[in-house]
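Analysis of the macromolecular model
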Amino acid sequence: MIKTEHLSREYGSKVALNDLNLVVEPGEILGFLGPNGAGKSTTVKILTGMIRPTAGRASVAGYDIVERPIEAKQRLGYVPETAALYDGLTAAEYLELMACLHHLDSKTSESRATELLELFGLAAERHQRMSEFSKGMRQKVLIAAALIHRPEVLFLDEPLDGLDANAALVVKEVLKQLAGQGRTILFCSHILDVVERMCTRIVIINNGRQIADGTSEEIRRTTGTASLEAAFSQLTGVRDVGRLAAEFISVLDRA
Amino acid sequence: MLRPAFTAAGVDFDQWKALTRVALKLDFRTSSLGRSQFRREASTIAALIGQFIFYTLMGAFIALFVWFSRDLFLVSTIAMTYMMFVIGMAVLVDHNSALASPADYAILGFRPVTSRTYFAVRLTNVLVYTMALTSVAAWLPIFSLFVRYGAAVGVAGLAAFYACSLATTLAILMGYAWMLRVIGPDAVKRALSYLQLAMSFLVYGGYFVMTQTVGRVVTSTASLPKTPWLLLYPATWFGSYIELASGKLGVFEIVPAIASVGVMCAMAASLGGRLSLEYSERLGAMTTAAAPVKAASRKPSRGIWFKAGEARAVALLIRSQFRNDQRFRMGVLAILPMTLIYLFSGLNRGAIHDPFLPAPRGNNFSGVTMAIMMFPSLLKMHLTRSESFRASWIFFVSPADRMKIVRSSMRVLVAFFLLPYLAFVTLVSTYFVGNLFHVAVHIGLQGLLSFLVLQTTMLIDPALPFSRPTQKGRDSLVLFLFLMFITMVSVILSIFSAELYGSLAATTGVFGAVLAASLVVDLLTRARVGRQTASLEFEG
């Protein structure tokens, strides 16, 4: 499970995350939404141990990420928003690198890497350098790397970005089955349709603060809107999308 | 005023201005995450002050030489050699991929920017940097020329320094652009670091041979005779401006000056011709130049060392980065020209001798010792900074022990690079000295010392591999101070080597002391670095 208590993070005078209280139970897929700069990535970075909170506590799989980072990190997997990887490595080497950092033995690491790469249709390219890979292929490697040590908790930041329709279908199904096995998944995305269909619960944050928590239906009901998209717009301050679009077009025409 | 000139040259002035401004802005920016605005600015200002002090100090030596020497030809040759070296190394080290890297092309390739405009932006970026560097490195020598020889010579000196700097930059950049056009993007992509290595041989070797030759001549005659052979050396062409201004108007002054202008015009014409017209086309081809696909059945070997955990991860990463990261590979291989030139020079001067015997008189400086002791620390510097630093998030989200990663990095550097390097130096030195045991003991001690230096640098500034953004020229001052220290140690080692190896007790004592120091630093590393690396934050 994932738990945060009064979690905050400041960058100088800028408050990126403010007093976030969150509990994600095992088996849940939490859709973590917010406009750009709302504090989603900061939250994920704190929860994965990449940066430290300035206040509050956070635990992953029952372990405090600041006090007991190694135990927490043994149990988490992460797909970052930017597909940053050492692309001079081959796909197989990258998975081996991740397996080494998770202290998997060579036999296990090799068999899991083979399975995962086959699942994503990358078996033929496994010894090809990732600098030659397309965006989607790199994303598949990142997802495979996040799963190689069979984590209890998964943090996925735009995991479907760049994937073709078939690969996206596979990933979505894999995530549902992983949740079915009792794993906890925190899913960040801007594609609200996907979030609505996949996630069992949704949390929306804006300006570093949590502004909504519930199922898609509960959020729609509370805001009195017909879709999650409309609810999101209303909650995050964009009330008249039509008028905004018209203004945008008029600016373009003027130019 | 500039606009018509740019338009005539086929460069879009507005695009050039906008892109140049952005490129310069980016050069002075560092990663923003986890740092306040104040700390970012303070770090940039500190780095600039550091560079100013470093290059001013280098210039001060030349200024003193200008002041005390009475031979203007000698003064100008030394000063221009110095300028060519400073600029040549700066372009090779800090702007090594300025012209031959397709990185920005991915962003700008589809925009309506002409090849020539794009080329002009890249060229300007490098020129702004080198001209600024020239100003800092040459202001003291120019001031010295002004005061010592009068305003005319001072102005000529100013022109000579800037022209020499411009010509050096253009020559190196033209080399890159020419290679891109002639040998093709695929070959350049594969061989760029080797090309840079060859160029650094040229710059470093030229500098070294010139200073050695001049040093020998000056020691015996206190002046530099102007021979036709010496006039083939480009530094003398720019130096002739100074002599002309002093009133010497002979053929040997006028012809070199004309040659310098001619060469600069030829280079400018060449860069403004096909090289720039086909430039973006070549870069575009580089972005699609693919490495050969390897057979899927190939299983990577696990090697003998570093079989599991953090050590294996670090070994895997360093090996692959060496194969694929130009900057890292160049950083590692850059030690070779220096070593070979020092070996060559040592042989000439008789500095390479049996270390168990006293050094020949006046040959107490061993450049090879200096290179050996510098190597691991240079490696460490290149190991931590990388264009791929954003991919280092893996060290932060995985349950890896960061202290183990840092210590493994050191061991991998030693196993992959330092040991083969020491073996190479041992073999070459043994060939000339004749006694393998003596050479092996001496190189072994230097190897231990260099490992100690590496441990100390890691203790002072621990960093995860390839986890920090690259920064142009920011380590200059640290490197300069470090060089002074290393030079001192190598001179001491050279002076006392015969005494050191004179008795078994002394030899064992020294080895024991270095090993003990290494153990102490290791203990400190475990205690301090563990704490420090635990609080590191991802800089991407």
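Scoring rules and cut-offs
- Residues numbered from 1 in each chain as written.
- Chains lettered and ligands numbered in written order.
- Predicted model: local features only at pLDDT ≥ 70, side-chain atom pairs only at ≥ 80, totals over all residues.
- Heavy atoms only, no water.
- Helix = DSSP H or I, 4+ residues; strand = E, 2+ residues; numbered from the N terminus.
- Buried < 20%, exposed > 50% of the residue type's maximum accessible area, 1.4 Å probe, protein only.
- Contact = heavy atoms within 4.5 Å.
- Areas by Shrake-Rupley, 256 points an atom, 1.4 Å probe, with all protein chains shown as cover.
- Core = buried A, V, L, I, M, F, W, Y, C linked by side-chain atoms within 4.5 Å.
- Buried area = accessible area lost by both parts, 1.4 Å probe.
- Salt bridge = Lys/Arg side-chain N within 4 Å of Asp/Glu carboxyl O.
- Polar contact = N/O pair within 3.5 Å; in protein donor to acceptor, adjacent residues only side chain to side chain.
- Pairing = 2+ DSSP bridges.
- Axes fitted to C-alpha atoms, helices over the stretch in contact; angles between N-to-C directions.
- Disulfide = S-S within 2.5 Å.
- Phe/Tyr/Trp six-rings, centres within 6.5 Å; stacked < 30°, edge-to-face > 60°.
- Lys NZ or Arg CZ within 6 Å of the ring centre and 35° of its normal.
- pLDDT = per-residue confidence, 0-100.
- Parallel < 35°, antiparallel > 145°, perpendicular 65-115°, else oblique.
- Left-handed = near helix turned anticlockwise from the far one by under 90°.
- Nonpolar A, V, L, I, M, F, W, Y, C, P; charged D, E, K, R; others polar.

1. Overview of the overall build of chain B
- The secondary structure content of chain B amounts to 20 helices and zero strands.
- Within the span of chain B, comprising 540 residues, buried residues form 52% of the whole.
- Across chain B, every contact between residues at least 6 apart in sequence was considered, and the portion connecting residues at least 24 apart equals 83%.
- Accessible area of chain B: about 24100 Å², with a carbon and sulfur share of 70%.

2. Remarks on the nonpolar core
- Y94, F155, L186 and F187 of chain A together with W393 of chain B are the most contacted members of the largest nonpolar core, which has 150 residues in total.
- At 13 residues, helix α17 (residues 402–433) of chain B tops the list of elements feeding residues into this core.
- Not counting the four nearest positions on each side in its chain, L186 of chain A is found in contact with I2, L22, L30, F32, V44, L47, L154, F155 and L156 of chain A.
- Listed in part, the 70 residues of the second largest apolar core include M83, A90, Y129 and V136 of chain B.

3. Thoughts on the interface of chain B and chain A
- Residue-level contacts link 45 residues of chain B with 37 residues of chain A.
- Here chain B meets chain A over a buried area of about 3800 Å², counting both sides, of which 62% is carbon and sulfur.
- Across the chain B-chain A interface, the total number found is two salt bridges.
- E93 of chain A is the salt-bridge partner of R323 of chain B, the closest N and O atoms lying 3.3 Å from each other.
- Linking chain B to chain A there are eight residue pairs in polar contact (both at pLDDT 80 or more).
- When residues of the side of chain B that touches chain A are traced back to their parent elements, those giving at least two are α12 (309–324), α16 (393–397) and α17 of chain B.
- When residues of the side of chain B that touches chain A are assigned to their parent elements, the largest contribution, 11 residues, is made by α12 of chain B.

4. Thoughts on the environment of I318 of chain B
All names here are of chain B.
- By the element assignment, I318 lies in helix α12.
- The buried category is assigned to I318, whose relative accessible area is 0%.
- In this structure the C-alpha to C-alpha distance between I318 and I486, which are 168 residues apart in sequence, comes to 26 Å.

5. A short note on the sheet that holds strand β6 (residues 76–79) of chain A
Residue and element names in this part refer to chain A.
- In spatial order, the strands read β6-β7-β8-β3-β9-β10; together these six strands make up an open sheet with mixed pairing. Looking at which strands have only one partner, the edges of the open sheet turn out to be β6 and β10 (209–214). Along the sheet, successive strands turn relative to each other by an average axial angle of 15 degrees, direction set aside.
- Bridge count for β6 against strand β7 (residues 153–157) is four bridges, and the pairing is parallel. Bridge pairing in β7 links L76 to V153.
- Here helix α6 (residues 165–180) sits on the sheet in contact with β3 (29–33), β7 and β8 (184–188), set at roughly 145 degrees to β8.
- Across the sheet, helix α9 (residues 228–235) is in contact with β3, β9 (201–206) and β10; its angle to β9 comes to roughly 25 degrees.

6. Observations regarding the pattern of salt bridges
Residues and elements named next belong to chain A.
- The full count for this structure, using the stated rule, is 20 salt bridges over all chains.
- The shortest N-O distance in the salt bridge between R68 and E71 comes to 3.3 Å.
- On the basis of relative accessible area, R68 is assigned to the partly exposed category, the value being 40%.
- The class of E71 is partly exposed, set by a relative accessible area of 25%.
- Between E115 and R150 there is a salt bridge, with its nearest N and O atoms 3.8 Å apart. With E115 in helix α4 (residues 106–119) and R150 in the loop between α5 (135–147) and β7, this pair connects stretches of sequence that are 35 residues apart.
- E115 gets classed as partly exposed once you look at its relative accessible area, which sits at 46%.
- On the basis of relative accessible area, R150 is assigned to the partly exposed category, the value being 47%.
- Because the salt bridges share partners, they merge into one network encompassing E28, R201 and D213.

7. A word on unusual backbone geometry
- For D19 of chain A, which is not glycine, the phi torsion reads 55 degrees and is therefore positive.
- Here D19 of chain A shows up in strand β2 (residues 14–24).

8. Observations concerning helix α9 (residues 234–245) of chain B
- Counting buried positions along α9 of chain B gives nine out of 12 residues, so the element sits mostly inside the fold.
- Restricting attention to buried positions, one finds in α9 of chain B the residues A235, T236, W237, F238, G239, S240, Y241, I242 and E243 of chain B.

9. Side note on the pairing of β2 of chain A
Residues and elements named next belong to chain A.
- Alignment of strand β1 (residues 2–11) against β2, held across seven bridges, turns out to be antiparallel. Looking across to β2, one finds that L7 is bridged to L20.
- Between β1 and β2, which pair antiparallel and follow one another directly, the connecting turn spans two residues, one of which, G12, has a positive phi of 65 degrees.

10. Some thoughts on the state of the cysteines
Residues and elements named next belong to chain A.
- Across all of its chains, the model carries zero disulfides over all chains by this definition.
- Free of any disulfide, C188 has its nearest neighbouring cysteine sulfur in C199, separated by 9.6 Å.
- For C199, a relative accessible area of 12% gives the class buried.

11. Looking at the sheet that holds β1 of chain A
All names here are of chain A.
- If you trace the four strands from one edge of the open sheet to the other, you get β2-β1-β4-β5, paired in antiparallel fashion. In the strand order of this sheet, the two ends are held by β2 and β5 (63–64), each with one partner.
- Running at roughly 115 degrees to β1, helix α1 (residues 40–47) makes contact with β1, β2 and β4 (55–60) of the sheet.

12. Considerations on the packing of aromatic side chains
- Per the counting criterion, the structure on display carries 18 aromatic pairs over all chains.
- Consider the rings of F238 of chain B and Y241 of chain B, whose centres lie 6.1 Å apart with planes at 65 degrees: the pair is edge-to-face. Here Y241 of chain B and F238 of chain B lie together in helix α9, a separation of three residues that amounts to about one turn. Taken individually, F238 of chain B and Y241 of chain B each receive the classification buried, so the pair is uniform in this respect.
- A centroid spacing of 5.1 Å and a plane angle of 90 degrees characterise the contact between F328 of chain B and F466 of chain B, whose relative ring orientation is edge-to-face. Of this pair, F328 of chain B sits in helix α13 (residues 326–333) while F466 of chain B is found in the loop between α18 (436–460) and α19 (476–500), placing the two residues 138 residues apart along the sequence.
- Connected via pairs of aromatic rings, a cluster forms that spans Y86 of chain A together with F306, F322, F328, F416, F417 and F466 of chain B.
- The residue whose ring lies beneath R148 of chain B is Y149 of chain B, and the NZ or CZ to ring-centre distance is 5.3 Å.

13. Some words on the pairing of β1 of chain A
- Relative to β4 of chain A, β1 of chain A runs antiparallel, the two being bridged by five bridges. Residue pairing across strands places S8 of chain A opposite A55 of chain A, the latter belonging to β4 of chain A.

14. Topic: the environment of Y129 of chain B
- Along the chain, Y129 of chain B falls in helix α6 (residues 115–149).
- With 214 residues separating them in the primary sequence, Y129 of chain B and L343 of chain B have C-alpha atoms 33 Å apart.

15. Quick look at the confidence of the model for chain B
All names here are of chain B.
- Taken over all residues, the pLDDT of chain B has a mean of 80, while the share at 70 or more is 79%.
- Per-element averaging of pLDDT across chain B places helix α8 (residues 185–221) at the bottom with 66 and α9 at the top with 91.
- Overall, residues 293–297 carries pLDDT values under 50, and its contacts beyond four positions in sequence, including any with other chains, amount to nine contacts.
- Interface confidence for the predicted complex, given as ipTM, is 0.86, next to a pTM of 0.76.

16. What about the packing of helix α15 (residues 367–384) of chain B against α17 of chain B?
All names here are of chain B.
- In contact at an axis separation of 11 Å, α15 and α17 are set at 150 degrees when each is read in the N-to-C sense. By the angle between their axes, α15 is roughly antiparallel relative to α17. The interaxial crossing formed by α15 with α17 has right-handed handedness. Of α17, the residues touching α15 (which contributes V368, A371, I372, F375, P376, L379, K380 and L383) are S409, L413, F417, L418, Y421, L422 and V425.
- Here the residues of the contact of α15 with α17 are counted per class, giving 13 nonpolar, one polar and one charged.

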